[in-house]
Amino acid sequence: MEIHYISPEKITVTQLAEIVENGVKIALSDEAKKRVVDCRNYLDKKIETSDEPIYGITTGFGSLCNVSIDHDSLCDLQRNLVMSHSCGLGDEVPEDIVKYMIFLKIQSLCYGYSGIRLETVERLVDFFNYDITPVVYQQGSLGASGDLAPLANMSLPLLGMGEVRFKGERISGEELNKRMGWEPIRLASKEGLALLNGTQFMSAYSVWSLIRAKRLSRWADYIAAMSVDAYDGRISPFLAPTHQIRPHQGQIDTAKRIYDLLQGSEIITRYKEHVQDPYSFRCVPQVHGAVKDTIDYVEKVVTTEINSATDNPVVVAEEDMVISAGNFHGEPLALVNDFLGIGISELASISGQRTYQLISGRHGLPAFLVAKPGLNSGFMIPQYAVASVVSQNKQLATPASVDSIESSLGQEDHVSMGANAATKTARIIENCYKVLGIELMNAAQALEFRRPLKSSPEIEKLFDLYREQVAFVDVDRVLYTEIAKSIKFLKENNF
């Protein structure tokens, strides 16, 4: 059985996705265990010997930071923190994203700057390995002081509270402990803060979205190439000299990919009566390329974040310091999630325009790609659906990070709204699958009207695989099921 050992070593977004999506089990490395234990031992001694108040450990939280807590109540303080902060609202977070949250919380705690006990971290490892996913909600985090509400809901089952999904059932934290033969974790000083402070909700969504953004970017190139041939488009916009004199890397890479995908096509090489194609075809390298560059930048920021300690206060034993600061603030993730959402929204937008061009009755294609016109409407309304989704994306792409609402009696007076940025970007990702799925339906339909001419071997390979799932539409039939098949095809195949 494959095991990934969590350690202070850097992990990439791709490695993390492979662990979560392939069901890899995890364990703590010896170095991680040592860091956790050493940090906890230092903190225990610090609490015993220090006369100075330590935020969140011997004081209250937020605007209550000046209220001292007696030593006998420190455990109750942490338990109360988790209970009072579990205020999640809205839709439930998908189980795979909760697994990302659990992993990222473990990863952050194992750097040895959080003061948590080893047994608490190991219970989180058990949650991950047994596919125990706490019920967490999408709304409630301001993206500063960490993702307090969602991380509190995630942490409740450690205490025998809250709810989890386990083996297809939704059960209480208390019932989970009975089934597993576990005692509830009794939090020690600082542990509630260590669990709740941090950016793991935003980070989990960021990783989930990034992985899919990269897949969508690749799909967009393949589908655009099929659309170019189906539209009887020109190869000239993809010739290398154009892009060498405006050398954005994403643009260069996209042009080369489309050019390579169309090699061997009988359609692309034939004489064209039109001199230029519309922008949605001609400017694919410039638009898709800019999205690629966006994804690359976002990945750099997210990679730094998932390899960081993001709770508060941080316990730096080697410097004999417990520092109250702001590593929980989600501004880095807020900005890049907004950026990613804008990029993927544009990927869907230009796809939607290609769909419009394909049904417009130009370049020898029938209007609405109707095989038997008159009685049949063909692909008229799928384009309406695309327009609706693209419009919604424009609304969702409005940045969340430019907003801030004062909280905690003014102690937390600037927040990132990174959680809102992350969750709405995930919605844009899902919408982009819908838009590209409908473009692929249209491109495949249009390509059939070019027969007996063939596209390139690469595009014909994609076409044949797609036709195993979604058939040619000769007469009108219920299309929402066909659209669903097309979206599913994109999600289940990494072409």
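The rules behind these values
- Residue numbers here run from 1 along each chain, matching the order of that chain's written sequence.
- Owing to the predicted nature of the model, reporting of local features is limited to residues with pLDDT of at least 70; listing and counting of side-chain atom pairs is limited to 80 or more, with chain, interface and lining totals taken over all residues.
- Derived side-chain values reflect all non-hydrogen atoms in the structure, with water molecules and hydrogen atoms excluded from consideration.
- Ring geometry is summarised as follows: Phe, Tyr and Trp rings, the Trp one being its six-membered ring, pair when their centres sit within 6.5 Å, and such pairs are stacked at plane angles under 30 degrees, edge-to-face over 60 and tilted between the two.
- Only runs of H or I of at least four residues qualify as helices and only runs of E of at least two qualify as strands under DSSP, and these elements are numbered from the N terminus.
- Exposure classes here rest on a 1.4 Å probe applied to the protein chains alone. A residue is buried below 20% of its type maximum, exposed above 50%, and partly exposed in between.
- Any carboxyl oxygen of Asp or Glu within 4 Å of a side-chain nitrogen of Lys or Arg constitutes a salt bridge here.
- In this analysis, two residues are considered to be in contact whenever any of their non-hydrogen atoms come within 4.5 Å of each other.
- By disulfide we mean two sulfur atoms from cysteines, separated by a distance within 2.5 Å.
- What counts as an axis is a line fitted to C-alpha atoms, over the stretch in contact for a helix, and the angles between N-to-C directions run from 0 to 180 degrees.
- For classification purposes, angles smaller than 35 degrees are called roughly parallel, those larger than 145 roughly antiparallel, those between 65 and 115 roughly perpendicular, and all remaining angles oblique.
- With the far helix as reference, a near helix turned anticlockwise by less than a right angle produces a left-handed crossing, and one turned clockwise produces a right-handed crossing.
- Residues were grouped as follows: Ala, Val, Leu, Ile, Met, Phe, Trp, Tyr, Cys and Pro as nonpolar; Asp, Glu, Lys and Arg as charged; and all remaining residues, including Gly, as polar.
- A pair of strands is labelled paired if DSSP reports no fewer than 2 bridges between them.

Concerning the packing of aromatic side chains
Thought 1: One pass over the structure, following the stated rule, counts ten aromatic pairs.
Thought 2: Plain terms: the ring middles of Phe201 and Tyr205 are 5.1 Å apart, the flat faces sit at 65° to each other, and that makes the pair edge-to-face. Of this pair, Phe201 and Tyr205 are both found in helix 9 (residues 200–230), four residues apart, which corresponds to roughly one turn of the helix. We note that Phe201, like Tyr205, is buried.
Thought 3: Pairing Phe449 with Phe472 gives two aromatic rings, centres 6.0 Å apart and planes at 65°, and the pair type is edge-to-face. Of this pair, Phe449 sits in the loop between helix 16 (418–448) and helix 17 (457–467) while Phe472 sits in the loop between helix 17 and helix 18 (480–492); the two residues are 23 residues apart in sequence, bridging distant segments of the chain.
Thought 4: Classification of Phe449 by relative accessible area gives partly exposed; the value is 27%.
Thought 5: An aromatic cluster is present here, built from Trp219, Tyr222, Tyr466 and Phe489 joined pairwise through their rings.

Some words on the pattern of salt bridges
Thought 1: Here the structure, examined in full by the defined rule, presents 30 salt bridges.
Thought 2: For Lys214, the salt bridge identified is with Glu299, shortest N-O distance 3.1 Å. One end of the pair, Lys214, is in helix 9; the other, Glu299, is in helix 13 (residues 284–306), and 85 residues separate them in sequence.
Thought 3: By relative accessible area, which is 28% here, Lys214 ends up partly exposed.
Thought 4: For Glu299, a relative accessible area of 17% corresponds to the buried category.
Thought 5: Salt-bridge contacts for Arg354 lead to Glu439; the nearest nitrogen and oxygen are separated by 2.7 Å. Note that Arg354 is positioned in helix 14 (residues 331–358) and Glu439 in helix 16, a separation of 85 residues in sequence. Pair check on accessibility: Arg354 and Glu439 agree, each one buried.
Thought 6: Among the charged side chains, a salt-bridge network with shared partners connects Glu21, Asp96, Arg212 and Arg215.

Here we look at the side chain of Thr423
Thought 1: Summarising the element assignment, Thr423 is placed in helix 16.
Thought 2: Looking at Thr423, the relative accessible area reads 12%, which means it is buried.
Thought 3: Ignoring any residue separated from it by four or fewer positions in sequence, one finds Thr423 in contact with Gln138, Phe201 and Tyr205.

Details of the state of the cysteines
Thought 1: Taken as a whole and judged by the stated rule, the model has zero disulfides.
Thought 2: Cys39 takes part in no disulfide bond, and the closest cysteine sulfur, belonging to Cys110, lies 11 Å away.
Thought 3: Residue Cys39 is classed as buried on the basis of its relative accessible area, which comes to 2%.

Here's the deal with the packing of helix 9 against helix 13
Thought 1: Between helix 9 and helix 13, the shortest axis-to-axis distance is 10 Å and the interhelical angle comes to 160°. As summarised for this structure, helix 9 and helix 13 are arranged roughly antiparallel, according to the angle between their axes. Relative to helix 13, the crossing made by helix 9 is left-handed. Residue-level contacts link Ser203, Ser206, Val207, Leu210, Ala213, Lys214, Ser217, Ala220, Asp221 and Ala224 of helix 9 to Val284, His288, Lys292, Ile295, Val298, Glu299, Val302, Glu305 and Ile306 of helix 13.
Thought 2: Across the contact of helix 9 with helix 13, the residue classes tally to ten nonpolar, four polar and five charged.

Topic: the sheet that holds strand 7 (residues 169–172)
Thought 1: Pairing is antiparallel across the open sheet formed by three strands, whose spatial order is 4-6-7. The open sheet has two free edges, formed respectively by strand 4 (133–134) and strand 7, since each of these has just one partner strand.
Thought 2: As paired elements, strand 6 (residues 163–166) and strand 7 share four bridges and run antiparallel to each other. Across the sheet, the residue bridging to Val164 is Ile171, located in strand 7.
Thought 3: Against the sheet, helix 7 (residues 173–180) engages strand 6 and strand 7, with an angle of about 100° to strand 7.

Topic: the packing of helix 1 (residues 13–21) against helix 9
Thought 1: One way to put it is that helix 1 packs onto helix 9 with a least axis distance of 10 Å and a crossing angle of 100°. Taken together, the axes of helix 1 and helix 9 are roughly perpendicular relative to one another. In this structure, helix 1 uses Val13, Thr14, Leu16, Ala17 and Glu21 to contact helix 9, whose residues at the interface are Val207, Leu210, Ile211, Arg212, Lys214 and Arg215.

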